[in-house]
Amino acid sequence: MTQSLNDESRKHIEQVAGEALAQLESIAETAKSKLHDGRTLGSDALASINTMTSSSAIQRLDQISQANRESYQVLVAEPAIARVVVVDEEGEEKTYYICRTTPVSGFPNLASYRAPVGRLASLAIGAEFTLPNGTVVEVLERAQLRPNALADGWDSRDTVVEAEHFGPFTIESLRALLTEVAGEEVTEDILGQLLAEETVKANIIDGVRRSVITKMGLRDQPILDQYQDEIFRLPLDKRLLILGPPGTGKTTTLIRRLGQKLDTAFLEEGEQRLVETVASAQGIAHANSWLMFTPTELLKQYLKEAFAREGVPASDLRIRTWQDYRRELARNAFGVLRTASGGGTFVLKDGLASLSETALERPIQWFDDFDTWQRKAYLQELHDAATQLHEAKTPEVLSLGARLQDILSRAADGALAAMFGSLAMEIAKVQALVSSLKEGSDGKIKAALNLQLNRNRAFLDELARVIDSLQQAQATDADDQDDPDADEEEDATAPRTGRAAALNAYMQAVRAQARAAASKRAVSKATRNGKIIEWLGDRGLTEADRAEVGASLLVQASARRFVNPVKRYLDGIPKRYRAFRRERQPANTWYRHEGFEARDIHPLELDIVLLAILRAAGDLISRPNVQRDIDSPAWSSLQPILGHYRNQILVDEATDFSPIQLASMAALAHPRLRSFFACGDFNQRLTTWGARSADDLKWVFADFDIKEITVSYRQSKQLNDLARAMIRAVGGTEQNASLPAHMDSVGVAPALLEHATNAETIVGWLADRIREIERFVGQLPSTAIFVNTEDDVAPVADALNAALAEHNIQVIACREGQAVGQESNVRVFDIQHIKGLEFEAVFFVGIDQLATLHPTLFDKYLYVGTTRAATYLGVTCQGTLPSAIESLRTHFCQDWQQGD
Ligand SMILES: Nc1ncnc2c1ncn2[C@@H]1O[C@H](COP(=O)(O)OP(=O)(O)OP(=O)(O)O)[C@@H](O)[C@H]1O
């Protein structure tokens, strides 16, 4: 309960106001003078720069001074965000001021919110806290400040003050409080006194006031509540998941945490050392080594300012949608998707009808099935190759084969890392063997070619012409060429035209022919090699040479599997995936039996391939010996993957991502830190593939620390009640959200318009409600209109613009989820883009049509849509309220004219 104001507490608050404003002034002035004080800045602070002063020391100093400058700038504009009075066990009181950034020197009790002492600002009155020096203190009094620099001095707006015996109160203006004190003494006339009394009353409000959302963007929340605060301070090397109903501050906590963890000054000592080691090994500064995933581009834009407030630079480069990042990884980094320059296996197709229901329902089992299969397939390949070598005629090859077989048989299933470690010892010998064999076989093939050239100098030019005519054929049959012994000397940079290309093609074709002869197979006439062989006729190797060269090539192929086994293991995953799919298809396991091409891949399948690659690499990279020797030939193929690791991985709206996607993101967290932070709410899952249970997430990290937060800050009581009733009605997980204590959460009932079939009626109704809101609030707050499809965005915006033109209210069409401008316009969005956003007022057009458009996610869209509104929610239906929420009718009113 708030305790009302008596004379004693009023006097006390006035004292606090006087002290706080003086302190704000003093901090700001000191910071300002530091900003202009050149002596503290940069390399010139080093007494003498000589050759002993390394350039990195100077660079460091410059960085520090840059950071100092930035924090002075913050302090000049916002000297403190809280004032806290504590008492220790000896009864000694102490007043702390808490600021957002690094404090300026000269103020012993000024601390950063990011520092451990900063937690005092989040604690409740009466809470105990152990200071870093071990002293236990109790919080006596607390004021949350919102400093405001005026031309003639400092003020703090909407300051919330509380102590054991009073409050919380919201003081509109601390400065006005002081002026009034002065005013009382000098005002002699009764009218003046009466007016002054009223102003005093208006300036001090019981409880905490809800502020109106005026801009599109996450609100600034300088101080978190004590549960959020506890989470944001947890150590860097944690796997954390915050779950909580809409508007409980999950995203807010995530951003604050990132801000704190990027500032190395506020990391613990051990963390600082670790972060430095990782940064120097990887060549990426800790401040840049993070990646955050969001489900939509719009959410990314919405959060931009919030990141800027945290002093996090270039956030838009590091906040990514999985859709974009997945493509980039698969296409440019791991060569899974085809490129125009010839690499890659698959073509990504969004709507590909390749998956069966079970793949969507049981993605974890699907992944496990593939991963187990592909490991086995790979090991089998190695076994076969070692056996082939062991069966060779040359003693040297034979003994190599025996040693390799021995290593393989010792590798227990699953212990790939140990096996790769043992194979690494053989690499040099294998390499030497392959080179000498290749020299021999190449020599033979080239000798045959020289013979042809002696007979006919135009031989290569003629072949080049044949190849040109075959280019087309090559493009298509590469798809089906899964011949495991296919020529490995062909690389992506192989010339594609002219004599060099002809030479290349000749070598390949002759090798294929020799291999076929040695293994008693035939080269298919339909392939490029088959066609070239046919054209060559008897202009290749003699039959005897063919058998000999063929045998050598088969040994080479087997030996090559051991030249860079790690690379082969990782690079082979996409092809193994294709083989796995082909094998599972006939039984309709995970995949449809037919109806799509072998080269096409669905995005959710691509996730499976990427996760297999990332986990395979991660298993190896997480071993200290591998990290140590990462530059050696045995492990160097892991480098590109290591290069994608980041010190922190964060995921907003995690429940929109599948367990496979989350596990892939998790696999990007640097193994030395394993720092992963995600937040979400299962009731708000807006994708059919999103994670459905805590178990799904435990699969990502067995040691996931799951925290729940429950205080719902966004919505008024009426909208909060509606949201809870909705969850009950549609059968979601019951949420135990509570409203913030002492906050005035009373709003207005949501408004409903039914049987609204024609556009004019709908637009007229929306326009009336928007005008009511402006009248009510005194200004037009941030307002959004949600429509069911992209096609409705522009027409609704146009019609509403026309209807509201009279009052100069501008309505903006946000096409394809793109927000334009930041000011408080009315915006129209397609419902699918609105995840994670919040507005003061939300209108939902035609919610009864949602069920038809999104039958499986209807209830989720409804829930997410209605929980975007802080105070005003208006809903229209073409018919009546959808039957699932028919029971909620009593929550609604018709309009807000009465302001009920
Ligand atoms: N401790 C707090 N005190 C007051 N307001 C808060 C607090 N924490 C968050 N808020 C406010 O609550 C609103 C919702 O915050 P946020 O968007 O972070 O919630 P969320 O849990 O991520 O929501 P959703 O599940 O809808 O994505 C914001 O306006 C934010 O400023």
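None of the values given here were measured: they were computed from a predicted structure.

Caption draft 1: Up close: the overall build of the chain. Helix and strand counts for the chain come out as 31 helices and 23 strands. When its C-alpha atoms are laid out on the principal axes, the chain stretches across 125 × 80 × 50 Å. The buried share of the chain, reckoned over its 900 residues, is 52%. The contacts in the chain between residues at least 6 apart in sequence include a share of 73% that link residues at least 24 apart. By element, 50% of the accessible surface of the chain is carried by carbon and sulfur atoms, the whole surface being about 39900 Å². Each charge class in the chain can be summarised by its mean position, and for the 98 positive and 125 negative side chains these summaries are 9 Å apart.

Caption draft 2: Looking closely at the packing of aromatic side chains. Taken as a whole, this structure holds 31 aromatic pairs when the rule is applied. Arranged with centres 6.2 Å apart and planes meeting at 80°, the rings of Phe 580 and Tyr 591 form a pair that is edge-to-face. Of this pair, Phe 580 sits in helix H21 (residues 573-584) while Tyr 591 sits in the loop between H21 and strand E14 (600-601), placing them 11 residues apart in sequence. Pair check on accessibility: Phe 580 and Tyr 591 agree, each one buried. Among the aromatic residues, ring-to-ring pairing joins Phe 346, Trp 366, Phe 370, Trp 373, Tyr 577, Phe 580 and Tyr 591 into one connected group. In this structure, Arg 539 packs its charged tip against the face of Trp 535, placed 4.2 Å from the ring centre. Here the basic side chain of Arg 615 rests over the ring of Trp 699, its NZ or CZ set 4.6 Å away from the ring centre.

Caption draft 3: Representation of the UniProt feature "binding site: ATP" (unreviewed entry) in the chain. Following the UniProt record, the feature "binding site: ATP" (unreviewed entry) maps to Gly 244, Pro 245, Pro 246, Gly 247, Thr 248, Gly 249, Lys 250 and Thr 251 here. The residue Gly 247 is located in the loop between strand E10 (239-243) and helix H6 (250-262) in this model. Contacts of Gly 247, omitting those with residues within four sequence positions, involve Val 711, Ser 712, Tyr 713 and Arg 714. Residue position: Thr 251 is located in helix H6. Those residues within four positions of Thr 251 in sequence are excluded, and the remaining contacts are Leu 218, Leu 303, Asp 652 and Cys 679.

Caption draft 4: Broad picture of the domain arrangement of the chain. Parsing the chain into structural domains produces domain 1 (7-206), domain 2 (226-344 + 603-708), domain 3 (430-560) and domain 4 (717-891). Between domain 2 and domain 3, the C-alpha centre-to-centre distance is 45 Å.

Caption draft 5: Geometry of helix H5 (residues 226-233). Taken together, the buried positions of H5 are Gln 228, Asp 229, Ile 231, Phe 232 and Arg 233. Two or three places before Tyr 227, at the opening of H5, Asp 225 has a side-chain oxygen 3.0 Å from that residue's backbone nitrogen.

Caption draft 6: Region of the structure containing the sheet that holds strand E22 (residues 839-844). An order of E18-E23-E22-E19-E21-E20 is seen for the six strands of this open sheet, with the pairing classed as parallel. The open sheet has two edge strands with one neighbour each: strand E18 (751-753) and strand E20 (811-813). Shown here is a sheet whose adjacent strand axes are inclined to one another by a mean of 20°, direction ignored. Of the pairings in the sheet, the one linking E22 to strand E23 (residues 869-876) comprises five bridges and is parallel in character. By the bridge assignment for E23, Val 842 is matched with Leu 873. Where helix H29 (residues 790-804) meets the sheet, it contacts strand E19 (783-787), E20 and strand E21 (826-830), and its direction lies at approximately 165° from that of E20.

Caption draft 7: Looking closely at a negative patch on the surface. A surface patch of negative charge is lined by Glu 89, Glu 90, Glu 92 and Glu 128. By the secondary structure assignment, Glu 128 is in strand E4 (residues 128-130).

Caption draft 8: Up close: the side chain of Asp 155. Among the structural elements, Asp 155 can be located in strand E7 (residues 153-163). Given a relative accessible area of 2%, Asp 155 falls into the buried group. Among the polar contacts listed, one links the side chain of Asp 155 to the side chain of Ser 173, at a separation of 2.8 Å. A polar side-chain atom of Asp 155 sits 3.1 Å from the main-chain amide nitrogen of Leu 174. In this structure, Asp 155 is in contact with Leu 21, Leu 24, Arg 146, Pro 147, Asn 148, Leu 150, Ser 173, Leu 174 and Arg 175, ignoring residues within four places of it in sequence.

Caption draft 9: Structural detail: the site of the ligand. Inspection of the region around the ligand gives 20 residues, with Lys 250, Thr 251, Thr 252, Glu 838 and Arg 868 positioned closest. Within the backbone of Thr 248, an N or O atom sits 3.2 Å from an oxygen atom of the ligand. Lys 250 is positioned such that a nitrogen or oxygen atom in its side chain is 2.7 Å from an oxygen atom of the ligand. Here the ligand loses 95% of its free accessible area of 640 Å² to cover by the protein chains. The dominant element in the shell around the ligand, judged by the number of residues it contributes, is H6, at three residues. Across the shell around the ligand, the residue classes tally to four nonpolar, nine polar and seven charged. Counting only domains with at least three residues in the shell around the ligand, you end up with domain 2 (226-344 + 603-708) and domain 4 (717-891).

Caption draft 10: Representation of helix H19 (residues 543-560) within the structure. Over its 18 residues, H19 runs 25 Å from end to end, which matches the ideal 26 Å to within 8%, given 1.5 Å per residue. All buried positions along H19 are accounted for by Arg 546, Val 549, Gly 550, Ser 552, Leu 553, Leu 554, Val 555, Gln 556, Ala 557, Ser 558, Ala 559 and Arg 560. Buried positions along H19 lie against helix H12 (363-390), helix H13 (395-410), helix H15 (427-455), helix H17 (498-518) and helix H20 (565-571).

Caption draft 11: Highlighting the sheet that holds E10. Overall, parallel pairing links the six strands, which are arranged E12-E11-E15-E16-E10-E17 in an open sheet. Pairing within the sheet leaves two strands with one partner each, and these edge strands are strand E12 (319-321) and strand E17 (705-708). Direction aside, neighbouring strands of the sheet carry axes that sit 20° apart on average. Pairing of strand E11 (residues 290-294) with E12 involves three bridges; the strand directions are parallel. Residue pairing for E12: Phe 293 is matched across the bridge by Arg 320. Sitting on the sheet, helix H8 (residues 297-309) is in contact with E11 and E12, with an inclination near 135° to E11. Packing against the sheet, helix H10 (residues 322-333) makes contact with E11 and E12, and its axis sits at approximately 85° to E12.

Caption draft 12: The pairing of strand E8 (residues 169-173), seen in detail. Counting buried positions along E8 yields four of five residues, so the element is predominantly enclosed. Note that E7 and E8 share four bridges and pair antiparallel. Looking across to E8, one finds that Arg 157 is bridged to Ser 173.

Reading the values: the criteria
- Residues numbered from 1 in each chain as written.
- Predicted model: local features only at pLDDT ≥ 70, side-chain atom pairs only at ≥ 80, totals over all residues.
- Heavy atoms only, no water.
- Helix = DSSP H or I, 4+ residues; strand = E, 2+ residues; numbered from the N terminus.
- Buried < 20%, exposed > 50% of the residue type's maximum accessible area, 1.4 Å probe, protein only.
- Contact = heavy atoms within 4.5 Å.
- Areas by Shrake-Rupley, 256 points an atom, 1.4 Å probe, with all protein chains shown as cover.
- Lys, Arg positive; Asp, Glu negative; His and termini not counted.
- Charge placed at Lys NZ, Arg CZ, Asp CG, Glu CD.
- Phe/Tyr/Trp six-rings, centres within 6.5 Å; stacked < 30°, edge-to-face > 60°.
- Lys NZ or Arg CZ within 6 Å of the ring centre and 35° of its normal.
- UniProt positions renumbered as here; feature names shortened; annotations may be inferred.
- Domains from an automatic or database assignment.
- Polar contact = N/O pair within 3.5 Å; in protein donor to acceptor, adjacent residues only side chain to side chain.
- Pairing = 2+ DSSP bridges.
- Axes fitted to C-alpha atoms, helices over the stretch in contact; angles between N-to-C directions.
- Patch = residues over 30% accessible without salt bridge, like charges linked within 9 Å, V, L, I, M, F, W, Y side chains within 5 Å.
- Salt bridge = Lys/Arg side-chain N within 4 Å of Asp/Glu carboxyl O.
- Near = heavy atom within 4 Å.
- Nonpolar A, V, L, I, M, F, W, Y, C, P; charged D, E, K, R; others polar.
- Expected span 1.5 Å × (residues − 1).

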